[in-house]
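# Secondary and tertiary structure notes
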Amino acid sequence: MMRKKTCVAMLLAGGQGSRLGILTKRVAKPAVPYGGKYRIIDFPLSNCTNSGIDTVGVLTQYQPLELNAYIGSGAPWDLDLTNGGVFVLPPYQKGKVGEWYRGTANAIYQNMAFIEQYHPDYVLILSGDHIYKMDYNAMLQHHIRHGADATIAVREVPWEEAPRFGIMNTDSDDNIIEFEEKPKKPKSNKASMGVYIFTWEKLRKYLTEDEADKSSSNDFGKNIIPKMLAEKQVLVSYSFDGYWKDVGTIESLWEANMDLLTTPMPIDLHDKKWRIFARNPGYAPHYVAVGATVHDSLVTEGTEIYGHVEHSVIFSGVTIEEGAKVTDAVIMPGVTIRRGAVVRRAIVAEDAIVGAGSIVGEETGNIAVVGYEVELPAGVSVAAGQQVDESVTFG
Amino acid sequence: MKDVMGVIYTGENDARLRELTMTRAIAALPVAGRYRVIDFLVSAMVNARMRNVGVIMQKNYHSLMDHLGSGKEWDLHGKNDGLYLLPPFLTRENVGVYNGVLDALRSNTNYLTRSRQEYVVFSGSNFIYNARFSDFIRYHLDSGAEITLMYTKNPSVRREEAGTYLNVAEDGRVTDVEKDPTEPANEATFMEVLIMRRDLMRQIVDKAVAHGYHDLIRDLLIPMVLTGQARINAWEYKGPVWLIDSVQAFFRFNMDVLNTETRRALFPEDLPVFTKVRDEMPARYGDAGQCINSLVADGCIIEGTVENSVLFRGVRIAPDAHIKNCIIMQDGQVHSGAYIENCILDKQAVIKRNARLIGPDAYPIVIAKNVVI
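These remarks concern the structure in this document. Quick caveat, the model's predicted, so the values are computed rather than measured.

### What about the overall build of chain B?
Counting its regular elements, chain B contains 9 helices and 28 strands. Computed over C-alpha atoms, the radius of gyration of chain B comes to 21 Å, within 12% of the 21 Å expected from 2.2 N^0.38 for 373 residues, which places it in the range of a compact globule. In terms of overall dimensions, chain B has a C-alpha envelope of 65 × 45 × 40 Å along the principal axes. Burial statistics for chain B: of 373 residues in total, 61% are counted as buried. Considering only contacts within chain B whose residues lie at least 6 apart along the sequence, 57% involve residues at least 24 apart. On chain B, roughly 14900 Å² of surface is accessible, and the fraction owed to carbon and sulfur atoms is 47%.

Rendered as structure tokens:
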């Protein structure tokens, strides 16, 4: 028998992230690189470690290979433990039944046996879609203090954006009195962050009932929460006012990277008390050559810069050759930007090569994307908003 | 090479490294922006799939222990074998201070006896290089020699009245050994790393104890070569190598790594160098700074001017600060308006506003750990 855990985290990492276009063709959204040396999933995993939550199930199903390899034993996040740690949980055959995860609630339902091993009092539900630093333990204490059955993390969004979110209407004591999914006329601007804490006994009951309901789409936001509310369970909101960014689209992923270049950084990644851990590729420090210029940028280890970098985020193992100009761009691991190439307002994905003198992106307009391992020939142009994968040919 | 273990001796004389080795062994000296000297050796051993590495420690070994930890960063934290930290200990025969390599080995005969590998690579720790140890081991196994020494012909590691020099015949046999000569007659410098069978090493250590020998080279190797009682070969390492035995040598090594060709030779893609991870964010450049010909580690914030320098993790160069030909270790700070040239700042050293500090070309100024100027 496993030793008891107060709280077990379940991280929903199965989303395809189709709005990220060619960036998620080969990897699941949580494995998408961000911020020069991280992947999106580093944020919820590091938050768990920093919050003292040491048992995390990561539910995968879409393109899990890279994500599984990235998580490995969990050592980078100190989650390689004898009792607890991080576990990748793909869908599996149970008796004669084998099925994919049908919805967020169904994914947790299918892994109830995993949770039960630890006899937790509480279960924390997370997603791998956001960049934020949050103390889940503070949220758990809030949950306990309120004697809640479920606590939903909320943040205030601009009123005009509220119709895009699941909105919580609360009383003065943080009790949720109404939940509206994407309301046309919102009564509040408190949007759900997709971070939930449930008292495990209650959640187990609702998951089991939900599974039996054939009309349910087995989703937390659409089914579980409304049902709990209808049955007068204690649902409270937990307000979070720190940096929180959905990186679900090409534009928002690019913006979230650019956010790190403003002063002060809206999300402090220097914070020694709340480090964001990541798997480290083990390169030498980066090198900036004579004749190179680097301004307003993030640059990480294993990279060599001979050209010009302005207002960009440069990942590990990148080479920017002489005369190349990189501006307002996100250059992911292992990329080579050849001599004289110009990259602006663009994302260049892992191991791609931008040929000499090529032009990627434009000074205005949508973000251009060069996909994984694409070798862009010399002297070609990629227009604003264009996504280039291996199927694109240049004549 | 599962059947080869490594033993690294870290008790070298460090007087000429002055303040830099006041609180640490040479093996623990920070180099090249994010490494310690010993990282290169341990990584090279691990890259040759050696799974059992012992590190004999002498004095000031706290930072070395802190750095190596459980060996996790080198994947040396297995259930079988792994990384063994061997600090000195007191017994009736052992007073804790090793009088040379043989003494240190004698104190650790238990470790040697308990290990299961057939061969042992024994090494000092003040040379930096990234050898393909699998080639060295293969050469030894194929040559039939009882002991194989590694050497380099690189003249930059030759020293007056220090070091061991070999005469190596065409067939790889060592025919002469000189120790600490005023002017070495031979062009091959022994890199203080050798391989032999583990049981032979046990015999050698026992023999040394029985005869009161202290000096591995002078008391054992030289007589073996001269009498021909054992076949001793040598294998040439042709890559870049540095001997870190003085402040100047330390400075030179760091500056040499700024050269792209040298850096590529020291960090080949298939021989990665592992080190302790600190989980710093990428380095951040401001809008006005300028950085040229420099190595910059993660966690740095660069808003001033940086020329020909090596910056370790978490270094901050303020706006209008200017550094040239400097090595700035972890968490060092240079404040606004300061100008420093030819300086080595040890960890957490701070140069305050408008300070000027210019060291002579041949003799960089060392600012000790935690000092504020």
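Don't stop here, the text continues.
### Side note on the overall build of chain A
On a plain count of helices and strands, chain A comes out with 8 helices and 31 strands. In terms of overall dimensions, chain A is globule-like: its C-alpha atoms have a radius of gyration of 22 Å, near the 21 Å expected for 395 residues. Dimensions along the principal axes, computed over C-alpha positions, put chain A at roughly 65 × 50 × 40 Å. Counting every position in chain A, which comprises 395 residues, the buried fraction comes to 58%. Counting only contacts in chain A whose residues sit at least 6 apart along the sequence, the fraction spanning at least 24 positions is 55%. Carbon and sulfur atoms make up 50% of the accessible area of chain A, which totals about 15700 Å². Each charge sign in chain A was given a centre, from 38 positive and 49 negative side chains, and these centres are 4 Å apart.

### Here we look at the interface of chain A and chain B
In this assembly, 42 residues from chain A lie in contact with 37 residues from chain B. Interface area, chain A with chain B, both sides summed: about 3100 Å², of which 47% is carbon and sulfur. On the chain A side of the contact with chain B, H270(A), P285(A) and Y287(A) bury the most area, a combined 20% of that side's loss. Our count for the contact surface shared by chain A and chain B stands at 6 salt bridges. R263(B) is the salt-bridge partner of E304(A), the closest N and O atoms lying 2.9 Å from each other. Connecting chain A to chain B are 29 residue pairs in polar contact (both at pLDDT 80 or more). Looking at the side of chain A that touches chain B, the elements that each hand over two or more residues are β16 (286-288), β17 (293-295) and β18 (298-299) of chain A. A per-element tally of the side of chain A that touches chain B places β16(A) first, with 3 residues. Across the side of chain A that touches chain B, the residue classes break down as 22 nonpolar, 12 polar and 8 charged.

### Quick notes on the packing of helix α6 (residues 198-211) of chain B against helix α7 (residues 216-227) of chain B
All names here are of chain B. At a minimum axis distance of 11 Å, the contact between α6 and α7 shows a crossing angle of 115°. As for how α6 packs across α7, the hand of that crossing is right-handed. Contacts between α6 and α7 involve I204, K207 and A208 on the former and, on the latter, L216, L220 and M224.

### Focus on unusual backbone geometry
All names here are of chain A. T263 connects to P264 through a cis peptide bond whose omega is -10°. Relative to the helices and strands, P264 is located in the loop between α8 (250-259) and β16. Phi at H311 takes a positive value of approximately 45°, unusual for a residue other than glycine. Residue placement: H311 occurs in the loop between β20 (308-310) and β21 (313-314).

### Some details on the sheet that holds strand β28 (residues 365-367) of chain B
Strand order in the open sheet formed by 11 strands is β29(A)-β26(A)-β24(A)-β22(A)-β19(A)-β16(A)-β16(B)-β19(B)-β22(B)-β25(B)-β28(B), with mixed pairing between adjacent strands. Both outer strands of the open sheet, β29 (375-376) of chain A together with β28 of chain B, are each paired with one neighbouring strand and no more. Summarising the sheet, strand β22 (residues 319-320) of chain A and strand β24 (residues 336-337) of chain A pair through 2 bridges and their orientation is parallel. In the sheet register, T319(A) faces β24(A), and the bridge partner there is T336(A).

### Thoughts on the packing of aromatic side chains
Residues and elements named next belong to chain A. Throughout the structure, instances matching the rule amount to 21 aromatic pairs over all chains. Judged by centre distance (5.4 Å) and plane angle (65°), the rings of F87 and F114 are edge-to-face. Residue F87 is found in strand β5 (residues 85-89), and its partner F114 is found in helix α4 (residues 112-116); the two are separated by 27 residues along the sequence. Looking at F114, the relative accessible area reads 8%, which means it is buried.

### Quick look at the state of the cysteines
Across all of its chains, the model carries 0 disulfides over all chains by this definition. Here C48(A) stays unpaired: no disulfide links it, and the sulfur of C7(A), its closest cysteine neighbor, is 8.2 Å away. Judged by relative accessible area, C48(A) falls into the buried class, the value being 0%. Lacking any disulfide linkage, C343(B) is separated from the closest cysteine sulfur, that of C326(B), by 4.8 Å.

### Quick look at the side chain of N257(A)
Turning to its location among the elements, N257(A) is positioned in helix α8. Beyond its immediate chain neighbours, meaning those up to four positions away, N257(A) contacts Y34(A), G35(A), G36(A), V313(A), F315(A) and V330(A).

### Comments concerning the pairing of strand β4 (residues 55-59) of chain A
Residue and element names in this part refer to chain A. Most of β4 sits out of view: 5 of its 5 residues are buried. Side chains T55, G57 and L59 project from β4 onto one buried face, and the interleaved V56 and V58 project onto a second face that is buried too. In terms of strand pairing, strand β1 (residues 7-12) meets β4 through 4 bridges, oriented parallel. Its bridge partner lying in β4, L11 is registered against V58. One ladder, built from 5 bridges, connects β4 with β5; its direction is parallel. Along β5, the bridge assignment pairs V56 with V86. With helix α2 (residues 64-71) bridging β4 and the parallel β5, this β-α-β connection has right-handed handedness.

### A closer look at the side chain of E178(B)
All names here are of chain B. Here E178 lies in strand β10 (residues 174-179). The charged side chain of E178 is buried without a salt bridge, its nearest counter-charge being R158 at 6.4 Å. Among the polar contacts made by the side chain of E178, one reaches the side chain of N186 at a distance of 2.8 Å.

### Looking at the environment of L124(A)
Its location among the elements puts L124(A) in strand β8 (residues 122-127). Every residue in contact with L124(A), bar those within four places of it in the chain, is listed here: C7(A), V8(A), A9(A), M10(A), I53(A), Y136(A), V195(A), Y196(A) and I197(A).

### Structural notes on the packing of helix α6 (residues 200-212) of chain A against helix α7 (residues 220-230) of chain A
Residues and elements named next belong to chain A. Where α6 contacts α7, the axes come no closer than 11 Å and their chain directions differ by 120°. In the crossing of α6 with α7, the sense of the turn from one axis to the other is right-handed. Contacts between α6 and α7 involve K202, L203, Y206, L207, E209 and D210 on the former and, on the latter, F220, N223, I224, K227 and M228. Split into classes, the residues belonging to the contact of α6 with α7 amount to 6 nonpolar, 1 polar and 4 charged.

### A short note on the pattern of salt bridges
A pair can form between side chains of opposite charge whenever their charged atoms are brought close. Tallying each qualifying case throughout the model produces 49 salt bridges over all chains. We note a salt bridge from K37(A) to D298(B), for which the minimum N-O separation is 2.9 Å. In this pair, K37(A) sits in the loop between β2 (33-34) and β3 (38-39) while D298(B) sits in the loop between β16 (294-296) and β17 (301-302), so the two residues belong to two different chains. Owing to a relative accessible area of 16%, K37(A) belongs among the buried residues under this scheme. Between R344(A) and E363(A) there is a salt bridge, with its nearest N and O atoms 3.7 Å apart.

Calculation rules
Residues numbered from 1 in each chain as written. Chains lettered and ligands numbered in written order. Predicted model: local features only at pLDDT ≥ 70, side-chain atom pairs only at ≥ 80, totals over all residues. Heavy atoms only, no water. Helix = DSSP H or I, 4+ residues; strand = E, 2+ residues; numbered from the N terminus. Rg over C-alpha atoms; globule rule 2.2 N^0.38 Å. Buried < 20%, exposed > 50% of the residue type's maximum accessible area, 1.4 Å probe, protein only. Contact = heavy atoms within 4.5 Å. Areas by Shrake-Rupley, 256 points an atom, 1.4 Å probe, with all protein chains shown as cover. Lys, Arg positive; Asp, Glu negative; His and termini not counted. Charge placed at Lys NZ, Arg CZ, Asp CG, Glu CD. Buried area = accessible area lost by both parts, 1.4 Å probe. Salt bridge = Lys/Arg side-chain N within 4 Å of Asp/Glu carboxyl O. Polar contact = N/O pair within 3.5 Å; in protein donor to acceptor, adjacent residues only side chain to side chain. Nonpolar A, V, L, I, M, F, W, Y, C, P; charged D, E, K, R; others polar. Axes fitted to C-alpha atoms, helices over the stretch in contact; angles between N-to-C directions. Left-handed = near helix turned anticlockwise from the far one by under 90°. Pairing = 2+ DSSP bridges. Phe/Tyr/Trp six-rings, centres within 6.5 Å; stacked < 30°, edge-to-face > 60°. Disulfide = S-S within 2.5 Å. Right-handed = clockwise from strand over helix to strand, strands pointing away.

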